[in-house]
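# Summary of structural features
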Amino acid sequence: MEERVLIHGYEAVGRGALNAGCLHFFGYPITPQNEITEFFARELPERGGRFVQSESESAVGAMLFGASAAGVRTMTSTASPGWGLMQEMLSHISFCELPVVIVNCQRGGPGQGTTRHAQTDYLSATRGGGQGGYKSIVLAPASVQECHDLTQLAFYLADKYNILTIVLCDGILIQIAEPVELRTIDFGPLPEKDWALKGAGKKGGRTDIIHSTRGLLGTYPQILEAMHKKYQQITDSEVRYETHQADDAELVLVGYGYVARCCEGAVSMARAEGLKVGFIRPITLWPFPYEIIKEKASQGCRFLVVEDSMGQMIEDVKLGAEGKAEIHFLGLLARHQGGELGMLFPERIFEEVKKLL
Amino acid sequence: MSEKKKELIYKSTELRLPWPGAGCPGCGHGLVGKAIMETLEEMGIGDRVIAVGGIGCHSMAIMMTKMDRTIGAHGTAPATATAIKQALFDDVIVFTVQGDGDCAAIGAGYLVNAAARGERITVFMLNNANYGTTGGQMAPTTLMGQVTPTTPTGRDAKRFGYPLHVPEMLATIKGVAYSARSAVNSPANFQRTKRYVKAALQKQIDDVGFTFVEILDPCPINWHMEPVDALKWMEEKQIAEYPLGEFKNVDRID
């Protein structure tokens, strides 16, 4: 029987991970996601799991590398400056093709930026933030329910493709409370982790090596070729998005995360006044839903990209539209108030819509 | 001609892959690898270990073994080893092999914090007084006056500070069960190295605390010395700066 409870986004992330069977969390305190780290510190010991508070986010990355190499489901949660610090190890994790889940509760950047919400890590998440060129699956929840569900999906996708999977959240989503159905989602069977390090005695004497120095052994181009074949396979089969009133729309809003909720509100306001406005919400930011953007662009739609940043996802919308559509932008400067507390509200987005139609 | 029966009196350890050695002439890393692997064999724990290599020549010693093993980023091995141990609990014995730059410079934060948490892992730090892989630049362990490509007129205190004494420092940390320094410059010190390696691994198995052994070894190529002269330099200079012995050895931490 599914349990329906009123919980915050941070607890939904935690419950989602527990429902996915994740018992190994490595974390470092950083605002605005401390409640997630504290959730695991509280919940894991009584379940036979392990919580380690590391000395830095750099160390968190190295710990995720180790736990994943040992074959267990493992994750961390962080916010933007911590996300930045992890990039070195995330590149090694990616080159070693280890399944790892990271929840990044974005706050304003660059630098220390702010301690509040923002969407300024889109590019570093979707382009492979560390050295060398790699891809990570990036999932973008837009509700507390999705914080729960997409965290579970992240573990499945990470294990299915042996890839780093990021849940790109924000400071608003994890701090709001909404009703959530807690459930363990069955995504289907997964291959055995027969590559994991467990000590030769546990594997009939067989030994394995997982090493980021494998490029030195003479097959570097072949390794990259195999990695990029995998990326293509993911691009072909894992794109996820949602459309809302987009069929007859002349203007299509594109937004993710908390901003997507505000876009939805703006669409309702526009429709109430008979304006043909629709909405596309990417759920996977990588792989990005280029095809639906391309389709709407070729139908003559115009776009309004809404992001709580100075404009990052707009690059992907432009790539999808292939120069065939007018693309407008509403960003962080349109927040309802100055300072770090402002948000992009539906009323402001609607105002922009009216200017364009 | 009568055939003499040949008796096998010396061979490579079973845990080593039959690959040719990768070290430069007179390099000590092979001896350190041998000391570790022979000890693992003698303790009968080769199939229970997971080894974590650092970044540098020393990680070849990890790559060339018949053990479960991993190599990640420069300096991070204690954090990676921490997580492997936390993930697999008491089923495995986890150790790292790291260079002095890897362990005491870029990895010092990981090392000290793993020690402070009392992680049940063992760190083997190879001290050859320079960054061997990249061409012999100054390491935290480079001796005063030692000429390297980044201390072309010799290490002087004003610009480059002082040699770091890692096992002595770790001995002050409560979570540490064992901290020692040995060398592989002589047969006697090779045996001492094996004793320390064994003691450290046994304390991990006994669940006492964090364990650490620094091992001095020669790097004749980067020291610009003949291998025999390098051993003499170790004896006269390196061991004089870095005394051998156990700095902490406790059976329980209260």
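## Observations regarding the overall build of chain B
Looking only at helices and strands, chain B features 10 helices and 7 strands. At 18 Å, chain B has a C-alpha radius of gyration in line with the 18 Å of a compact globule built from 254 residues. For chain B, the C-alpha atoms occupy an extent of roughly 65 × 55 × 30 Å along the three principal directions. In chain B, buried positions account for 55% of the 254 residues.

## Considerations on the environment of H148(A)
All names here are of chain A. As for its placement among the helices and strands, H148 is situated in helix α6 (residues 144-161). For the pair formed by H148 and R183, sequence separation is 35 residues and the distance between their alpha carbons is 8.8 Å. Setting aside chain neighbours within four positions, we find H148 in contact with A12, R15, G16, V180 and L182.

## Concerning the interface of chain B and chain A
Between chain B and chain A, the contact holds 29 residues from the first and 32 residues from the second. Breaking the side of chain B that touches chain A down by element, the ones donating at least two residues are β1 (49-53), α2 (59-63), β2 (68-71), α3 (77-88) and α5 (108-116) of chain B. Tallying contributions element by element places α3(B) first for the side of chain B that touches chain A, with 9 residues. Residue composition of the side of chain B that touches chain A, by class: 14 nonpolar, 9 polar and 6 charged. Bridge count between strand β9 (residues 209-211) of chain A and β2(B): 3 bridges; the pairing is parallel. Across the sheet, residue H211(A) finds its bridge partner in β2(B), namely I71(B).

## Remarks on the packing of helix α8 (residues 258-272) of chain A against helix α11 (residues 346-356) of chain A
Packed helix pairs are specified by the crossing angle of their axes together with the interaxial distance, meaning the distance between the axes. Residue and element names in this part refer to chain A. In the contact formed by α8 and α11, the axes pass within 8 Å of each other and the chain directions differ by 55 degrees. With respect to α11, the element α8 is oriented oblique. Relative to α11, the crossing made by α8 is right-handed. Each of C262, C263, G265, A266, M269 and A270 in α8 lies in contact with α11, whose residues at this interface are P346, I349, F350 and V353. Taken together, the residues of the contact of α8 with α11 break down into 9 nonpolar, 1 polar and no charged.

## Looking at the sheet that holds strand β15 (residues 327-330) of chain A
All names here are of chain A. Here 5 strands make up an open sheet; going across it, the order is β10-β12-β11-β14-β15 and the pairing mixed. Either end of the sheet is taken by a strand with one partner, and the two such strands are β10 (241-244) and β15. Going from strand to strand, the sheet's axes swing by 20 degrees on average, the running direction of each strand aside. Relative to strand β14 (residues 302-306), strand β11 (residues 251-254) is paired through 4 bridges, and the arrangement is parallel. Within the sheet, the bridge partner assigned to V252 lies in β14 and is F303. Sheet contacts for α11: β11, β12 (277-282), β14 and β15; angle to β14, the most-contacted strand, approximately 155 degrees.

## Quick look at the domain arrangement of chain A
Residue and element names in this part refer to chain A. Annotation of chain A at the domain level lists domain 1 (3-182) and domain 2 (242-356). Computed over C-alpha atoms, the centres of domain 1 and domain 2 are 26 Å apart. Listed by partner, the interface residues are 22 residues for domain 1 and 20 residues for domain 2. Counting only elements with at least two residues in the side of domain 1 that touches domain 2, the list comes to α5 (122-126), β6 (137-139) and β7 (164-170). Broken down by element, the side of domain 1 that touches domain 2 gets its largest block of residues, 4 residues, from α5. Of the residues in the side of domain 1 that touches domain 2, the class split is 12 nonpolar, 7 polar and 3 charged.

How each quantity is defined
Residues numbered from 1 in each chain as written. Chains lettered and ligands numbered in written order. Predicted model: local features only at pLDDT ≥ 70, side-chain atom pairs only at ≥ 80, totals over all residues. Helix = DSSP H or I, 4+ residues; strand = E, 2+ residues; numbered from the N terminus. Rg over C-alpha atoms; globule rule 2.2 N^0.38 Å. Buried ≥ 20, exposed ≤ 12 C-beta atoms within 10 Å, placed from the backbone. Contact = placed C-beta atoms within 7 Å. Nonpolar A, V, L, I, M, F, W, Y, C, P; charged D, E, K, R; others polar. Pairing = 2+ DSSP bridges. Axes fitted to C-alpha atoms, helices over the stretch in contact; angles between N-to-C directions. Parallel < 35°, antiparallel > 145°, perpendicular 65-115°, else oblique. Left-handed = near helix turned anticlockwise from the far one by under 90°. Domains from an automatic or database assignment.

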